[in-house]
Amino acid sequence: MHQIDAHTLLTRMQNGENLNLLDVREEIEYHTHNIGGKNVPLSVFNQLINQLAYNKTDELIVICQAGIRSQTAQTILVQNGYQNVKNLTGGLLALHKLQ
């Protein structure tokens, strides 16, 4: 499984790249603080995976608070044919440490 570290993600964001971020935290967590992207909570991920508006070859960066839920979502995406899925190592906590 592919990973992306917080430093690389932050650099890409600061460079203005158009990134496909998929935040799998619960809705209340997402609305409390987010870095953008689509919110599809892991608790309903399996039910909504067929409604994702991404091509299966698009780069998707899956994020959560600490990187555990996003790793689970990454596995589900790969099992459903998504080919370029990256998990944010350490999650948003790692990203916040850099800011």
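Residues numbered from 1 in each chain as written. Predicted model: local features only at pLDDT ≥ 70, side-chain atom pairs only at ≥ 80, totals over all residues. Heavy atoms only, no water.

This part takes up the overall build of the protein. Along the backbone of the protein there are five helices and five strands. Reading the protein from its N terminus to its C terminus gives the helix and strand order β-α-β-α-β-α-β-α-β-α. Scaling as 2.2 N^0.38, a compact globule of 99 residues should have a C-alpha radius of gyration of about 13 Å, and the protein matches this with 12 Å. In terms of principal-axis extent, the alpha carbons of the protein reach across some 35 × 30 × 20 Å. Counting only residues that meet the buried cut, the protein has 41% of its 99 residues in that class. Partitioning the contacts of the protein with sequence separation of at least 6, the portion at a separation of at least 24 is 65%. Total accessible area on the protein is roughly 5,500 Å²; 48% of this is exposed by carbon and sulfur atoms. (Helix = DSSP H or I, 4+ residues; strand = E, 2+ residues; numbered from the N terminus. Rg over C-alpha atoms; globule rule 2.2 N^0.38 Å. Buried < 20%, exposed > 50% of the residue type's maximum accessible area, 1.4 Å probe, protein only. Contact = heavy atoms within 4.5 Å. Areas by Shrake-Rupley, 256 points an atom, 1.4 Å probe, with all protein chains shown as cover.)

Once that is clear, we can look at helix H5 (residues 91–98). Residues three or four positions apart in an α-helix share a direction because the helix packs 3.6 residues into each turn. Of all the residues in H5, the buried ones are Gly91, Leu92 and Leu95. The buried residues of H5 all sit within an arc of 105 degrees when viewed along its axis, so they share a single face. In this structure, the buried residues of H5 make contact with helix H1 (6–14), strand S2 (21–23), strand S4 (59–63) and strand S5 (84–88). (Arc of directions from axis to C-beta.)

By the secondary structure assignment, Ser70 is in helix H4 (residues 68–79). At 3.4 Å, the side chain of Ser70 and the backbone oxygen of Gly67 are in polar contact. Apart from the residues lying within four places of it in its own chain, the contact partners of Ser70 are Val24, Val62, Ile63, Cys64, Asn87 and Leu88. (Polar contact = N/O pair within 3.5 Å; in protein donor to acceptor, adjacent residues only side chain to side chain.)

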